[in-house]
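Structure assessment
Chain residues, written in single-letter form:
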Amino acid sequence: MNKLIPFFPQAFRVREPIELVIALVIYVLIGAIGGLIIGFLSKIWLIGFLFSLVGIVIDVYALVGVVLSILVFCKVI
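How each quantity is defined
- Starting from 1, residues in each chain are numbered consecutively following that chain's sequence as written.
- Residues qualify for local features only when their pLDDT is at least 70, as the model is predicted, and side-chain atom pairs are given and counted only at 80 or more; totals for whole chains, interfaces and linings, by contrast, use all residues.
- Think of the side-chain values as coming from all heavy atoms in the structure, minus any hydrogens and water.
- For the purposes of this entry, the term helix denotes a DSSP run of H or I that reaches at least four residues, the term strand denotes a run of E that reaches at least two, and both are numbered from the N terminus.
- Note that the radius of gyration is over C-alpha atoms, with the globule rule given as 2.2 Å times the number of residues to the power 0.38.
- Only protein chains enter the area calculation, which uses a 1.4 Å probe; residues under 20% of their type maximum are buried, those over 50% are exposed, and those in between are partly exposed.
- We get accessible surface area from the Shrake-Rupley algorithm with a probe of 1.4 Å; when it comes to residues, only the shown protein chains can shield them.
- Given a helix with a known number of residues, its expected span is that number minus one, times 1.5 Å.
- Note on aromatic pairs: the rings of Phe, Tyr and Trp (six-membered ring only in Trp) are paired at centre separations within 6.5 Å, and the planes decide the class, stacked below 30 degrees, edge-to-face beyond 60, tilted for the rest.
- Side-chain atoms within 4.5 Å are what join buried Ala, Val, Leu, Ile, Met, Phe, Trp, Tyr and Cys residues into a set we call a nonpolar core.
- The contact definition used throughout considers only heavy atoms, calling two residues in contact when any of these lie within 4.5 Å.
- To obtain an axis, a line is fitted to C-alpha atoms, over the contacting stretch when the element is a helix, and the angle between two such axes runs from 0 to 180 degrees between their N-to-C directions.
- For classification, angles of less than 35 degrees are called roughly parallel, those exceeding 145 degrees roughly antiparallel, those between 65 and 115 degrees roughly perpendicular, and all remaining angles oblique.
- In this classification, Asp, Glu, Lys and Arg are treated as charged, Ala, Val, Leu, Ile, Met, Phe, Trp, Tyr, Cys and Pro as nonpolar, and every other residue, Gly included, as polar.

Some details on the overall build of the protein
When you go through the protein residue by residue, the secondary structure sums to two helices and zero strands. Computed over C-alpha atoms, the radius of gyration of the protein comes to 14 Å, more than 25% over the 11 Å expected from 2.2 N^0.38 for 77 residues, which places it beyond the range of a compact globule. Across its three principal axes, the protein shows a C-alpha extent of roughly 45 × 25 × 15 Å. Here the protein holds 77 residues, and the buried ones make up 22% of them. For the protein, the accessible area works out to roughly 5,500 Å², and carbon and sulfur atoms hold 80% of it.

This is the structure:
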């Protein structure tokens, strides 16, 4: 788990309910804003496929951040 801390710093700081809400909002915004930007860029003809892959990585990052935040808040991790 110590290797994940640099990649998901907000997820491992969750101790109070308000911190959980803040962490969830941050990761949802990362996914939403990243999805909008990548959605527009994926329409470019030759490199659209690469932008689609980057969009998938951003969505997975946001999902893992949400899951880690919830697990840290519930003291499972």
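Considerations on the environment of I33
Tracing the backbone shows I33 in helix α1 (residues 17-41). Taking C-alpha positions, I33 is 13 Å from Y61, a pair spaced 28 residues apart along the chain.

Thoughts on helix α2 (residues 48-73)
The α-helix winds at 3.6 residues per turn, so residues separated by three or four positions along the chain end up facing the same way. A rise of 1.5 Å per residue sets the reference length of α2, with its 26 residues, at 38 Å; its end C-alpha atoms lie 38 Å apart and thus fit the reference within 8%. Along α2, the positions that sit buried rather than exposed are G48, G55, A62, G65, L68, S69 and V72. One or two steps after α2, the chain reaches K75, where phi turns positive at roughly 60°.

Side note on the packing of aromatic side chains
The tally for this structure, following the rule as stated, stands at three aromatic pairs. Ring centres of Y27 and Y61 lie 5.9 Å apart, and the angle between their planes is 65°; on these two criteria the pair is classed as edge-to-face. Taken together, the positions of Y27 in helix α1 and Y61 in helix α2 put the pair 34 residues apart, joining distant regions of the chain. Using a relative accessible area of 29% as the deciding quantity, one classes Y61 as partly exposed. Pairwise contacts between aromatic rings join F8, Y27 and Y61 into one cluster.

Thoughts on the nonpolar core
F8, A11, F12, V14, L20, A23, Y27, L68 and V72 form the largest nonpolar core, which has nine residues in total. Elements with a minimum of two residues in this core: α1 and α2. With three residues, the top contributor of residues to this core is α1. In this structure Y27 touches F8, P9, Q10, A11, Y61, A62, G65, V66 and S69, once residues within four positions along its chain are discounted.

Thoughts on the packing of α1 against α2
In helix packing, the relevant descriptors are the interaxial angle and the interaxial distance, both defined with respect to the helix axes. One can describe the packing of α1 onto α2 by two numbers: an axis separation of 9 Å at closest approach and a directional angle of 175°. Considering their axes alone, α1 and α2 lie roughly antiparallel with respect to each other. Classifying every residue of the contact of α1 with α2 gives 16 nonpolar, seven polar and one charged.

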